[in-house]
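Chain and residue survey
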Amino acid sequence: MGLAALTAIAQTPPAGPVSPPARRPFASPDTPRQTEQIREADIKHIKAELVLDGQKQEVRGMVTHTLSPLHPYLTSLDLDCGPKLKVSRVAVGPHAAACKFATKGEKLSITFDKPYRPNDTVDLAITYSGSPESGLHFVAPDPANPEKPLAIWTQGEAEDNHHWLPCYDYPNNRVTTEMIITVAHPLSVVSNGALVDTKENCDGTRTFHWKMDQPLSTYLITLTASEFVSFHDRVGNLPVDYYVTKDVDEATARRFMGKTPAMIRFFNDKTGQTYPYCKYAQICLPEFGGGMENTSATSMTDAALLDEIEALESDEDELVAHELAHQWFGALMTCKDWSHIWLNEGFASYFDPLFAEHDKGVDEFRHRMDGELKSYLGNDRMYRCPIVETRYKLRWICLTR
Ligand SMILES: [Zn+2]
């Protein structure tokens with residue numbers, strides 16, 4: 001996750017005479033303790049065939065889950081499903097037989113006509129449409145900002161992907177994915193894994209088929225769409241891709257992301273684990289906050305695209321290195337429940353200063369670590385919590401870096 005600090009969750013101090021602020025608890029005493037969710041089924045593959053309609057700001061289509069029960073007799077299944085999604089059909093099995101379902105709050109409850117057993121492999125297809133209020137964002141020009149680029153993007157962490165994709169939205173299940181996404185011409189789509197097909201349709205739309213063969217947690221699924229231009233590097237056989245909206249030139253893109261190959265080589269050496277995915281893409285997006293380490297396809301704010309003058313005084317290497325480090329610590333390995341997100345963020349927040357040391361010298365490393373320490377102590381003065389905190393609300397936990 002990006003560079004928002006925990007300080008963002010601190011409540012506004014009460015008005016009155018200035019006095020040393022009292023340390024507040026991280027979570028109010030009535031916040032329930034969270035435990036890891038228990039899975040009813042092992043969801044192995046998600047295939048989404050969706051239209052992203054920028055005009056209606058709507059998603060519609062079908063998602064198919066391939067799963068095997070984790071109970072001896074699975075007669076029903078609850079999935080996470082955003083309240084703005086209207087489910088019109090749920091079908092199961094090779095003949096796509098309709099099955100009963102009900103939606104309530106953020107759950108889609110499906111009842112099977114017969115029990116399924118752990119050795120069964122079941123295809124479960126959900127047809128739906130809707131205009132999500134979170135998880136999927138449509139950015140469009142408006143009268144005050146006519147030059148704003150059109151863009152569509154998702155943000156899954158912590159549990160927001162179910163607002164546009166009915167799924168098991170919790171990190172302790174890993175799936176391979178296929179995203180077959182249709183958008184209006186001239187938009188293009190970037191997602192996890194490899195682009196295996198593109199198609200120009202006769203109605204003026206285009207379809208992009210992205211396939212991810214290595215399993216990932218659902219919060220790391222991503223879709224991004226815009227009239228992208230892209231620039232490319234390689235590390236050995238690994239494609240390293242930089243996507244920006246069409247108004248951004250190559251020099252600006254490379255000014256921001258151009259050290260990525262050096263970072264990949266450094267992290268390969270430092271971890272002893274070669275970068276694990278088939279490509280590494282970074283997609284710069286309008287109105288995106290910070291960065292998000294979606295597996296093999298990191299989303300980042302386009303505000304980090306500095307011009308020549310801005311780049312004289314600063315750079316955004318920290319953001320690039322942080323999100324890249326998450327591909328090892330956060331994507332290849334990730335937490336089974338959110339109380340352990342500190343490990344994802346701790347590793348990423350340490351490995352980007354390690355690259356700074358490699359790139360700029362030990363003084364830069366010490367300066368960065370000193371900043372991290374001061375930030376931590378500043379937070380500790382406002383609230384104190386154990387490193388593994390099980391009392392939290394998701395909107396807090398996803399603000400941690
Ligand atoms: Zn992070």
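This text goes with the structure placed above it.
Calculation rules
- Residues numbered from 1 in each chain as written.
- Predicted model: local features only at pLDDT ≥ 70, side-chain atom pairs only at ≥ 80, totals over all residues.
- Helix = DSSP H or I, 4+ residues; strand = E, 2+ residues; numbered from the N terminus.
- Rg over C-alpha atoms; globule rule 2.2 N^0.38 Å.
- Buried ≥ 20, exposed ≤ 12 C-beta atoms within 10 Å, placed from the backbone.
- Pairing = 2+ DSSP bridges.
- Axes fitted to C-alpha atoms, helices over the stretch in contact; angles between N-to-C directions.
- Contact = placed C-beta atoms within 7 Å.
- Expected span 1.5 Å × (residues − 1).
- Arc of directions from axis to C-beta.

**Details of the overall build of the protein chain**
Helix and strand counts for the protein chain come out as six helices and 22 strands. Taking 401 residues into account, the globule formula puts the C-alpha radius of gyration at 21 Å, and the protein chain, at 22 Å, falls close to it. A principal-axis box enclosing the C-alpha atoms of the protein chain has dimensions of 65 × 55 × 50 Å. Looking at the protein chain as a whole, 39% of its 401 residues qualify as buried.

**Details of unusual backbone geometry**
Between Glu157 and the following residue, Ala158, the backbone shows a cis peptide bond with an omega angle of 5°. Looking at where Ala158 falls in the secondary structure, it is placed in the loop between strand 11 (151-154) and strand 12 (174-184). Cis geometry is found at the peptide bond from His185 to Pro186, where omega equals 10°. Topologically, Pro186 is positioned in the loop between strand 12 and strand 13 (188-191). Even without being glycine, Ala96 reaches a positive phi, approximately 50°. On the secondary structure map, Ala96 appears in the loop between strand 5 (85-92) and strand 6 (97-98). Of note, the phi angle at Glu287 is positive, near 65°, even though the residue is not glycine. Take Glu287: it is sitting in the loop between strand 19 (280-285) and strand 20 (291-292).

**Some thoughts on the sheet that holds strand 4 (residues 74-80)**
Within a sheet, adjacent strands bond to each other through the backbone by hydrogen bonds, running parallel or antiparallel. The antiparallel open sheet is built from three strands, whose spatial order is 4-8-7. Single-partner strands in this sheet number two, and they are strand 4 and strand 7 (100-104). Between one strand axis and the next, the sheet turns by 20° as a mean value, whatever way the strands run. Pairing of strand 7 with strand 8 (residues 107-116), which is carried by five bridges, proceeds in the antiparallel orientation. Note on strand 8: the bridge partner recorded for Thr103 is Leu108.

**Focus: the environment of Val196**
Among the structural elements, Val196 can be located in strand 14 (residues 194-200). A sequence separation of 15 residues divides Val196 from Lys211, and the C-alpha atoms of the two residues are 6.6 Å apart. In contact with Val196, not counting residues within four places along its chain, are His209 and Lys211.

**Details of helix 2 (residues 260-271)**
For helix 2, spanning twelve residues, the distance from its first C-alpha to its last is 16 Å, which sits close to the expected 16 Å at 1.5 Å a residue. Where helix 2 is concerned, the buried positions are Thr260, Met263, Ile264, Phe266 and Phe267. Burial along helix 2 is one-sided: seen end-on, the buried residues are contained in an arc of 165°. Among the residues trailing helix 2, Gly272 stands out with phi positive, at a value near 75°.

**Quick notes on helix 4 (residues 341-360)**
For an α-helix, the turn length of 3.6 residues means that residues three or four places apart are oriented alike. If you check helix 4, its first and last C-alpha atoms are 29 Å apart, about what 20 residues at 1.5 Å a residue would give, namely 28 Å. Among the residues of helix 4, Ile341, Asn344, Ala348, Ser349, Phe351, Asp352, Pro353, Phe355 and Ala356 are the ones counted as buried. Looking one or two residues past helix 4, Gly361 carries a phi angle of roughly 115°, positive in sign.

**Some remarks on the sheet that holds strand 18 (residues 238-245)**
Taken together, the five strands give an open sheet; going across it, the order is 17-18-19-21-20, and neighbouring strands pair in mixed fashion. Only two strands of the sheet have a single neighbouring strand rather than two, namely strand 17 (228-235) and strand 20. Relative to strand 21 (residues 297-301), strand 19 runs parallel, the two sharing five bridges. For Leu285, the partnering residue across the bridge sits in strand 21 and is Thr301.

Just distances and angles here, no functional claims.
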